[in-house]
Amino acid sequence: MTLRFSCQASHDITLLAERLVRNLLLADANADVSFETNFALRVFSSYLSSSNIVEDESLTLGALERFLARHNPPRDLVKFQILFEKLCSTKFLENRSSILSLLEILSRRGSLVAKKPIFRSLFDFGSSKTPEELCSNRNPSGSVPSFVHIEGAGIRDSSSESTQELPERFLVRDVLYILQGIDGKDIKFTARGEDSYSLHVSDSIRTPLARLLARMCQSGKNFKELNFYIDDVTRCPEAGLVAQGMFAAVKSETAQYHRHVVSLEGMRGAEGQGLSLRQMAAWLQEPAFKLRHLVEWCRLSRGQRGGALLSLLSNFLSHGDPVVVSMAKNILLQAARPFYYMIGQWIHEGVLDDPFNEFFVCADQKIDYTDEKMWNEKYTLIKEMVPRFLVSEVALKDWQNSELYPEQLWIQRPAARPFCLDLGCEEALRGVLHRTNAITSRQLLDLLFKKFKLLSHFQVLYDCILLGSGDFAHNLLDVAFELLERPAQHLYRHSLLSCVDTALRSSVCLMDDISLECLDALLLHPLDGACGWDIFVLSYRSRCPLNIIFTAQRVEAYNRIFKFLWHFRRLDYCLKSRWALSSVYSRRNAHIDGLDPLLKFCSLQRSEMQHMVREIQYYVSFEVVQPVWRTLSVTIRNAVDLDAIILAHSNFLDSVLSRCFLRPESAGIFQLLEKISSLVLEFTYLLASTFKAIDDEVMRRRRLANQIRMKTLKNEWGMTKQDELESREMGRKFAINCVQPLERQSKELAVRWKAAMGALFSELGASKDTNLKVLSFRLDFNNYYKNEFN
């Protein structure tokens, strides 16, 4: 097929070739390089190819990256990777492996360009020689791979005549030594770096023969490098069990190679005439091919361990050559044996046997088994260490679930093994993992439900902390009301614990002494002027192993919910007690001037407040806590593992906190409720002061009545005109100094109450939650506040 180019394309190629020639020759911009450019175009359009170009793109890319990492700063490697990605994204470029090989050759020779242009012998300015003559006069070492270094006469062209040439049988002898990593008599290894070697040939040889020697001796270099890697891993056990298994398999492969070399030695014969170099090259093709891949794999595996190393080896299973796939599979199975043993120990015994940090589960030794963080933080799944052939959506979920049963901490007997694990069988491993998780989960849940009575602990939390048991809350209020009215400095924990114990024993929520053991009375840090109501919190004491469910963070959430519910219980209790006193005072003291209107106004105001408090209580208890609690109870009873219980419990607390206005997004409504609560407490204190003033007035009038009776018994006037005037003056002063100020304060408080309720209705109406809109409707079911605001 003939390729046809347009004039413009031909012109562009010519310009590019000219730029390449100028850069290689370090020529000035005015120098004439037309002859060299034409020669370069002829070379580009020919079918000639270098024997050193590696067709495998990944191998060439790896060699370039290693060269850049060793000789250049890290930013150059990153820049190269970015440029290579752009090269891969280009659709009209082909033969990327050839391009990468050219870049590799230029990178290795580029450092010599400034000192000694390597193409000066090929492109000689001012030379009148033909291209064929130029080609015949170039440096012979350029035609031989850089692995071979020539001493003495060097490499001769095949057309030249020389009588000093090594016999082939001597070369065969030395090559057999070189293939085993041993120096021969005429061909020897010379170290050129940490992991690089060159060959020194003591006599001149022809160029084709030098190329053949270089290809065969490359296997010796690879064999020597493999032995170096094997010895390095053997001397360093910290490399890990997986690496040791891998290099044990590599050692078996090198043993097969060595047996192949021994067979070549037998074919050579005693006199060395039974094997030629070309026959040896033919016999070495497959072993050399395997060695080349083994060396590349060993280079890539340096710095890798455990599951990451297995993932790297599993990549070679997708190679197109069946020989490479078979070799990679054998090495992978040998390397995976210790890893599968760790998996079996972890699954069946719950033991993390990982002395070299190769497993994908990492343990934090700082976390004790009694710590609440043990369940979620002691064992961590490292996804990068999970072998790629085990990773899938289902398998990753199973591995994460397997973390939940470390060392069978509370399981009395280990889970039984369904069957022995078959190495290399992913589906069997996944089935074993799934069944073991199910068995262990069931055992753990049975232990929590039966021995540690998990459901009873949840019921205590609902009855006492969430005030789901009305008799307990009422009894606690009766017993601790006077104690909590004291200043915070005069309140003691043992007194409150005694009140809690009394309330529990007189209620129906006492369950096998669990309530007495788990409930605790906390006293918060008191502020100036705080009373017992401000610092008292009924809390829950979590113990191992239930502390992994009732963590300190979740107990703190329960404390916040209790404080919110307890506050409204207090408001309702205070309003009910004031209502009873108000009824008594209204009946007994109706004869006092100006008192009846005040008590009627206070009664109406108290009814408004009690309606609001009870509606909030009803909303929180029966529309927030109870439905979510019912869902939690069903989830706990139907849970298949402990993680489901922990998740349901967290969702329960999140729902209650958010719907009880205890989240930052509900801060506006919560502040309004706090303001309304303070108005209710202020109103109860105002009623208390009103009742005290009434009591003082009643006592004054009783003393006056006793004086009149005593005077009457002495046959004296009970009241003189002066006494009557003084009595009336005292009644007038009571009306002015007590009744009128109390009435004025009540009306001012009512105005603030209506303003606060108006702001609350605005917040509830603006909410997107349907339940809050229903709450707003129930608070103003007869449009009383709506009419007031309009």
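Conventions we followed
Residues numbered from 1 in each chain as written. Predicted model: local features only at pLDDT ≥ 70, side-chain atom pairs only at ≥ 80, totals over all residues. Heavy atoms only, no water. Helix = DSSP H or I, 4+ residues; strand = E, 2+ residues; numbered from the N terminus. Buried < 20%, exposed > 50% of the residue type's maximum accessible area, 1.4 Å probe, protein only. Contact = heavy atoms within 4.5 Å. Phe/Tyr/Trp six-rings, centres within 6.5 Å; stacked < 30°, edge-to-face > 60°. Axes fitted to C-alpha atoms, helices over the stretch in contact; angles between N-to-C directions. Parallel < 35°, antiparallel > 145°, perpendicular 65-115°, else oblique. Left-handed = near helix turned anticlockwise from the far one by under 90°. Nonpolar A, V, L, I, M, F, W, Y, C, P; charged D, E, K, R; others polar.

Colleague: Give me the environment of I178: which residues, what numbers.
Modeller: Tracing the backbone through its elements, the reader meets I178 in helix 7 (residues 168-179). I178 sits in the buried class, given a relative accessible area of 0%. Placed 46 residues apart in sequence, I178 and K224 show a C-alpha to C-alpha distance of 9.2 Å.

Colleague: Before we move on, can you summarise the pairing of strand 9 (residues 536-540) with the specific residues and values?
Modeller: Counted residue by residue, strand 9 has five buried out of five residues, so it is predominantly covered. Residues F536, L538 and Y540 point to one face of strand 9 and V537 and S539 to the other, with burial holding for every one of them.

Colleague: Tell me about the side chain of S311, residues and numbers included.
Modeller: Following the sequence through the fold, S311 ends up in helix 12 (residues 306-315). Not counting residues within four places of it along the chain, the set of residues in contact with S311 comprises V386, P387 and R388.

Colleague: Explain the packing of aromatic side chains to me, and be specific about the residues and the numbers.
Modeller: As enumerated under the stated definition, the model contains 21 aromatic pairs in all. Measuring from centroid to centroid gives 6.4 Å for F458 and W629, while their planes differ by 50°, and the two rings are tilted. With F458 in helix 17 (residues 454-465) and W629 in helix 23 (residues 595-637), this pair connects stretches of sequence that are 171 residues apart. Each member of the pair, F458 together with W629, is buried. Geometrically, the ring pair formed by Y618 and F622 is tilted, given 5.1 Å between the ring centres and 35° between the ring planes.

Colleague: Just give me the short version of unusual backbone geometry, but keep the residues and values in it.
Modeller: The residue after C544, namely P545, is reached through a cis peptide bond having omega 5°. Residue N783 is not a glycine yet carries a positive backbone phi of 60°. Position of N783 relative to the elements: it lies in the loop between helix 27 (770-779) and helix 28 (784-789). Judged by its relative accessible area of 38%, N783 is partly exposed.

Colleague: Lay out the packing of helix 18 (residues 470-484) against helix 19 (residues 493-505) with the relevant residues and their values.
Modeller: For the pair helix 18 and helix 19, the least separation of the axes is 8 Å and the interaxial angle reads 155°. By the angle class used here, helix 18 and helix 19 are roughly antiparallel. Crossing of helix 18 against helix 19: the hand is right-handed. Here helix 18 contributes F472, N475, L476, V479, A480, L483 and L484 to the contact with helix 19, which in turn contributes S495, L496, C499, V500, T502, A503 and L504. Split into classes, the residues belonging to the contact of helix 18 with helix 19 amount to eleven nonpolar, three polar and no charged.

Worth remembering: the numbers are spatial, not functional.
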